[in-house]
Amino acid sequence: MNQSKIQKVLSKHSVLESERLILRPFSISDAQDVFEYSSDEQVTRFLSWEPLKHPIQAEKLVKEFLANRAGSYAIELKSVKKCIGGIELSVYPHHKKASVGYILNRKYWNNGYMTEALSLILDFCFRKLKLRSIEANHYEGNNASGRVMKKCGMKFQGMETKVNLNGEHFDVLIYAVSREEWKSQFINSFYNILLLGWRKLNTS
Ligand SMILES: CC(C)(COP(=O)(O)OP(=O)(O)OC[C@H]1O[C@@H](n2cnc3c(N)ncnc32)[C@H](O)[C@@H]1OP(=O)(O)O)[C@@H](O)C(=O)NCCC(=O)NCCS
């Protein structure tokens, strides 16, 4: 797919939905929610930008960057109708690959939300954008982020050593999943469901 076809598919699928989440374009009404997580030092600890200091910065960020970018999804938690984070997809059509980055409000950590959001994005990348591989990376020490990648079937590829992060130096751990790995994972879980059903039938 070339760049313009990719843009068309991204626009057509600007809203993605899973059991608990809606991934949708950011709007200016999300600015307060964006400020809530982007101003939290613990959330931005392993990100290359400083925590926001003022709500106006969040408004500017949403208006000038997040709301206008195909592939930038607000993560809305259905049960509270609130934007609890964001997930950002950058597609490289020539290489048939993409990279993903994400952020979540600390109040909602460890509920499986980012695993759910990333799985949805991977599914979209392979099924609709027909990409060959998806990459993500995290700084050493950001183990929760690495765990999300592993739970989504991404595999450790290697490391970039001692990258500058706000004056400190950390290794960057690179993860990826290929289209073939994603498919075989999908087939395996389908067979596991069938096997479980078959075992239940035979023991009842
Ligand atoms: C990384 C982040 C998005 C994870 O979101 P989340 O919704 O809490 O992730 P999930 O609940 O789907 O999964 C988190 C997993 O990490 C594990 N985890 C949490 N803290 C951990 C830690 N300090 N060390 C190791 N594992 C940890 C959880 O137990 C869970 O694994 P499990 O399901 O096997 O128990 C969230 O922590 C975040 O926004 N961090 C700040 C921004 C950031 O670092 N973004 C990524 C940049 S690469």
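Here, every reference points to the structure presented above.
Now for a look at the structure at hand. (Residues numbered from 1 in each chain as written. Predicted model: local features only at pLDDT ≥ 70, side-chain atom pairs only at ≥ 80, totals over all residues.)

### What about the overall build of the chain?
Consideration 1: Of regular secondary structure, the chain possesses 7 helices and 8 strands.
Consideration 2: Its C-alpha atoms give the chain a radius of gyration of 18 Å, near enough to 17 Å, the size a compact globule of 204 residues would have.
Consideration 3: Its C-alpha atoms give the chain principal-axis dimensions of about 60 × 40 × 40 Å.
Consideration 4: Looking at the chain as a whole, 29% of its 204 residues are labelled buried.
Consideration 5: In the chain, the share of contacts with a sequence separation of at least 24, taken over all contacts with a separation of at least 6, comes to 59%. (Helix = DSSP H or I, 4+ residues; strand = E, 2+ residues; numbered from the N terminus. Rg over C-alpha atoms; globule rule 2.2 N^0.38 Å. Buried ≥ 20, exposed ≤ 12 C-beta atoms within 10 Å, placed from the backbone. Contact = placed C-beta atoms within 7 Å.)

### Looking at the site of the ligand
Consideration 1: If you check the shell around the ligand, you find 20 residues, and the closest are Met114, Thr115, Asn143, Ala144 and Arg147.
Consideration 2: Secondary structure elements with two or more residues in the shell around the ligand: strand 5 (97–104), helix 5 (113–127) and helix 6 (143–151).
Consideration 3: Per-element tally for the shell around the ligand: the top contributor is helix 6, with 5 residues. (Near = placed C-beta within 6 Å.)

### Observations regarding the sheet that holds strand 1 (residues 16–17)
Consideration 1: Read across the open sheet, the 8 strands follow the order 1-2-3-4-5-6-8-7; overall the sheet is mixed. Of all strands in the sheet, those with a lone pairing partner are strand 1 and strand 7 (155–165), marking the two edges.
Consideration 2: As paired strands, strand 5 and strand 6 (residues 133–139) are joined by 3 bridges and run parallel to one another. From the neighbouring strand, Ser99 faces strand 6, where its bridge partner is Glu135. (Pairing = 2+ DSSP bridges.)

### Looking at the pairing of strand 8 (residues 168–178)
Consideration 1: Pairing geometry for strand 6 and strand 8, over 7 bridges, is antiparallel. Within strand 8, the position partnered with Ile134 by the bridge is Val177.
Consideration 2: Where strand 7 lies against strand 8, 8 bridges are found, and the strand directions are antiparallel. Of the residues in strand 8, the one forming a bridge with Gly158 is Ile174.
Consideration 3: Following strand 7, the chain reverses through 2 residues before pairing antiparallel with strand 8; Asn166 in that reversal takes a positive phi of roughly 45 degrees.

### Things to note about the environment of Glu19
Consideration 1: Along the polypeptide, Glu19 turns up in the loop between strand 1 and strand 2 (21–24).
Consideration 2: Judged by local crowding, Glu19 falls into the exposed class, with 7 C-beta atoms found within 10 Å.
Consideration 3: Each C-alpha atom, one on Glu19 and one on Ser39, is 28 Å from the other, the two residues being 20 residues apart in sequence.

### Structural notes on the nonpolar core
Consideration 1: Counting 45 residues, the largest nonpolar core has Ile75, Ile87, Val100, Ala117, Leu118, Ile121 and Leu122 as the members making the most contacts within it.
Consideration 2: Top element by residues in this core is helix 5. It accounts for 9 residues. (Core = buried A, V, L, I, M, F, W, Y, C linked by C-beta atoms within 7 Å.)

### Considerations on the pairing of strand 3 (residues 72–77)
Consideration 1: Within strand 3, 5 of the 6 residues are buried, which leaves the element mostly enclosed by the surrounding structure.
Consideration 2: The sheet contact formed by strand 2 and strand 3 spans 4 bridges and is antiparallel. Its bridge partner being in strand 3, Leu21 is matched across the sheet by Leu77.
Consideration 3: Bridge analysis of strand 3 against strand 4 (residues 82–92) gives 6 bridges, and the strand direction is antiparallel. Its bridge partner being in strand 4, Tyr73 is matched across the sheet by Ile87.
Consideration 4: Between strand 3 and strand 4, which follow one another and run antiparallel, lie 4 residues, and Lys81 among them has a positive phi close to 50 degrees.

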